[in-house]
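So you can see what is in the structure, the chains are spelled out below.
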Amino acid sequence: MENFAKRGSSDIVSSLEGLTPALLVYADPSNPGSKLFNLRGVATLSGNTKPLIVVDGFQYDSDINTLNPYEVESITLLKDAASASIYGAKSSNGVIVITTKKGKKGETVFRYTTNYSISDKTDLNYAMNRVNSSQLIDAQSVYPKGVLNSGGYLNDYESEFQDPYNFFGNLFSNSKNEVYLAYADFQQGRISQEELDNKLNRLRGQDNTNDLRKLYLQTPMVTQHNLSASGGSDQFKYRTSLNYTKEYGNISGSENNKGIFDFVMEAKLSPRLTLDLETNLTLLNNKATPVDFYSDNPNDLSKIFNISSYQRFYGPNGEALPVYKPFNYDTSYSFGGKEPYEIQRLKELGLYDETFYPVNDFNKYTNTTDTWSSRVQGMFNYKLANDI
């Protein structure tokens with residue numbers, strides 16, 4: 001395959017995706033945002049399914065995305081008995097043979113290539129696949145209405161706190177939503193039937209999809225620059241390149257920067273002895289703004305999606321609004337965020353304000369990761385005879 005370079009992708013795996021049915025590319029569930037790949041017909045169900053990668057005759061164990069996609073001459077996929085005879089047992093999952101570009105005899109030739117791509121923002125309506133606010137309120141009203149109709153009692157923190165011996169009532173009163181608390185206020189005489197109906201009708205007309213889009217999403221963009229130089233003589237040929245890639249992900253504040261330097265040479269040390277030398281240096285700088293502090297993946301929006309759709313993040317003047325944390329939002333405290341009454345009570349005691357303001361919390365911190373990798377490989381070729 002030699003036409004993948006024309007796709008202008010920022011990495012080799014993305015360039016290969018969809019070019020051949022022999023290669024399967026899919027998202028890495030343990031490292032969201034990255035991709036895994038394998039050749040059709042894996043040899044194991046529980047073991048390693050990654051194919052063997054060979055770059056210019058050497059086994060390559062590093063991340064394939066540290067290779068400059070503009071410096072790849074060709075890629076060959078092997079999945080047959082012939083590959084096993086060449087590479088042995090390591091080729092059981094197939095072999096990806098990558099040949100990089102080399103220097104050519106002649107005057108120095110410079111080549112500059114740039115690429116810019118832009119993608120649509122995440123479709124939240126498709127990603128969340130949730131009911132609208134009116135339908136959600138109907139669903140959240142089923143339980144409190146059932147309790148009221150059966151003569152039961154709706155526990156909330158304000159009422160349960162009046163009974164300091166009711167430990168379990170206090171404990172489980174934390175996992176309520178705004179609809180439940182509105183019915184509890186009505187049952188306990190804090191609001192009238194008219195006020196309850198007005199509040200529920202107001203919530204039915206609210207939707208936070210645009211708030212989510214405004215706060216958390218950005219337009220994914222990739223900018224790539226590649227500068228190469230190649231030339232040489234019969235005695236010495238060389239090729240060098242410098243690649244820089246800047247990528248903005250789906251989540252606001254996410255930014256990846258990658259720089260790759262390559263130098264390849266072929267030196268004729270004697271009429272029969274030549275030296276092939278390749279060097280590579282890759283620098284990576286990744287920035288991510290955590291959406292959820294309790295998730296291993298800083299770009300995980302799943303907990304945010306669990307916030308009720310009628311919970312607006314922005315006020316009419318763009319001010320930050322408080323939001324109820326949903327059940328199991330914080331895995332270290334499985335009953336979700338505290339109710340407003342309890343938060344206010346703790347504030348009056350001089351304790352920390354635990355009110356959840358997504359607008360204020362997001363963009364407060366940034367995770368930055370800097371990594372680098374290098375590769376040096378060389379090979380001497382000695383010609384025993386003119387015909388060998």
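Owing to the predicted nature of the structure, the values given are computational and were not obtained by experimental measurement. Counting from 1, residues in each chain are numbered in the order their sequence is written. At least 70 in pLDDT is required for a residue's local features to be given in this predicted model, at least 80 for side-chain atom pairs to be given and counted, and no such filter applies to totals for whole chains, interfaces and linings, which use all residues. The side-chain figures draw on all heavy atoms in the structure; neither hydrogens nor water molecules are used.

**Brief notes about helix 7 (residues 178-187)**
The following threshold applies: The classification of residues rests on relative accessible area computed with a 1.4 Å probe and restricted to protein chains. Under 20% of the type maximum is buried, over 50% is exposed, and intermediate values are partly exposed. Only DSSP runs of H or I with at least four residues qualify as helices, and only runs of E with at least two residues qualify as strands; both kinds are numbered from the N terminus onward. Whether two residues are in contact is decided by their heavy atoms: any pair within 4.5 Å suffices. Two N or O atoms count as a polar contact when they lie within 3.5 Å, although within protein this holds only if one can serve as hydrogen donor and the other as acceptor, and sequence-adjacent residues are included solely when both atoms are side-chain atoms.
Of all ten residues that make up helix 7, eight are buried, and the element is covered over most of its length. When helix 7 is considered as a whole, its buried residues turn out to be Glu178, Val179, Tyr180, Leu181, Ala182, Tyr183, Ala184 and Asp185. In the core, the buried residues of helix 7 are packed alongside helix 4 (133-149), helix 8 (193-204) and helix 11 (340-348). The N-cap residue of helix 7 is Asn177: its side-chain oxygen and the backbone nitrogen of Val179 are 3.1 Å apart. Following helix 7 by one or two positions, Gly189 adopts a phi angle in the positive range, close to 80°.

**Side note on the sheet that holds strand 8 (residues 221-232)**
Note the cut-off: Any two strands are treated as partners once DSSP identifies two or more bridges connecting them. Note on definitions: angles span 0 to 180 degrees between N-to-C directions of axes, and those axes are lines fitted to C-alpha atoms, for helices only across the stretch in contact.
Strand order across the open sheet formed by six strands is 7-8-9-10-11-12, with antiparallel pairing between neighbours. Edge positions in the sheet fall to strand 7 (106-118) and strand 12 (367-382), since each of these pairs with one other strand and no more. The sheet shows a mean angle of 5° between the axes of neighbouring strands, direction not considered. Where strand 10 (residues 255-268) and strand 11 (residues 273-288) come together, 14 bridges link them in antiparallel fashion. Pairing of Gly259 across the sheet is with Leu283, part of strand 11.

**Description of the sheet that holds strand 6 (residues 95-100)**
Strands pair in a sheet through their backbones, by hydrogen bonds, and they do so in one of two ways: parallel or antiparallel. Across the sheet, four strands lie side by side as 4-3-6-5; this open sheet has mixed pairing. Bordering the open sheet on either side are strand 4 (58-59) and strand 5 (72-78), each of which pairs with just one other strand. Judged from the six bridges that link them, strand 5 and strand 6 form a sheet pairing that is antiparallel. Note that in strand 6 the partner of Ile75 across the bridge is Ile98.

**As for the confidence of the model for the protein**
Quick note on the threshold: In predicted models, pLDDT denotes the confidence assigned by the predictor to each residue on a 0 to 100 scale.
In this model, the protein carries a mean pLDDT of 82, and residues with pLDDT of at least 70 account for 83%. A low-confidence stretch, residues 331-336 stays under pLDDT 50, and its non-local contacts, those more than four residues away or across chains, total 14 contacts.

**Concerning the pattern of salt bridges**
Spelled out, the test is: Here, a salt bridge means any Lys or Arg side-chain nitrogen found within 4 Å of an Asp or Glu carboxyl oxygen.
For the structure shown, the criterion picks out twelve salt bridges. In this structure, the salt-bridge partner of Arg239 is Glu71, at a minimum N-O distance of 2.6 Å. Here the residue Arg239 occupies a position in strand 9 (residues 236-248), and Glu71 occupies one in the loop between strand 4 and strand 5, the gap between them amounting to 168 residues. Across this residue pair, the class does not change: Arg239 and Glu71 are buried. Arg375 is the salt-bridge partner of Glu278, the closest N and O atoms lying 3.7 Å from each other.

**Considerations on the side chain of Asn243**
By secondary structure assignment, the location of Asn243 is in strand 9. Taking the relative accessible area as the measure of exposure, Asn243 reaches 1% and is therefore buried. Reaching out from Asn243, the side chain makes a polar contact with the side chain of Asn226 at a distance of 3.2 Å. Side-chain polar atoms of Asn243 contact the side chain of Thr245, separated by 3.1 Å. Aside from chain neighbours lying at most four places away, what touches Asn243 is Asn68, Tyr70, Gln224, His225, Asn226, Lys258, Gly259 and Ile260.

**Considering helix 8**
Basically, it comes down to this: Here a helix's expected span is defined as the number of its residues, less one, multiplied by 1.5 Å. Arc definition: directions from the helix axis to the C-beta atoms.
Over its twelve residues, helix 8 runs 17 Å from end to end, which matches the ideal 16 Å to within 8%, given 1.5 Å per residue. Listing the buried residues of helix 8 in full gives Leu196, Leu200 and Leu203. An end-on view of helix 8 places all buried positions within 60° of arc, on one side of the element. Lining the buried residues of helix 8 we find helix 4 and helix 7.

**Some remarks on the packing of aromatic side chains**
Quick reminder of the rule: Pairing of aromatic side chains here covers Phe, Tyr and the six-membered ring of Trp, requires ring centres within 6.5 Å, and sorts the geometry by plane angle: under 30 degrees stacked, over 60 edge-to-face, intermediate tilted. Sitting over a ring, as applied to charges here, requires NZ of Lys or CZ of Arg to be within 6 Å of the ring centre and within 35 degrees of the ring normal.
In total, this model carries four aromatic pairs according to the counting rule given. Here Tyr216 and Phe362 contribute two aromatic rings whose centre-to-centre distance is 4.8 Å and whose plane-to-plane angle is 65°, an arrangement assigned as edge-to-face. Of this pair, Tyr216 sits in helix 9 (residues 209-216) while Phe362 sits in the loop between helix 12 (358-361) and strand 12, and the two are 146 residues apart along the sequence. For Tyr216, a relative accessible area of 2% puts it in the buried group. One aromatic cluster is present, built from ring pairs that chain together Tyr216, Phe313 and Phe362. Its guanidinium or amino end placed over the ring of Tyr314, Lys214 lies 4.2 Å from that ring's centre, counting from NZ or CZ.

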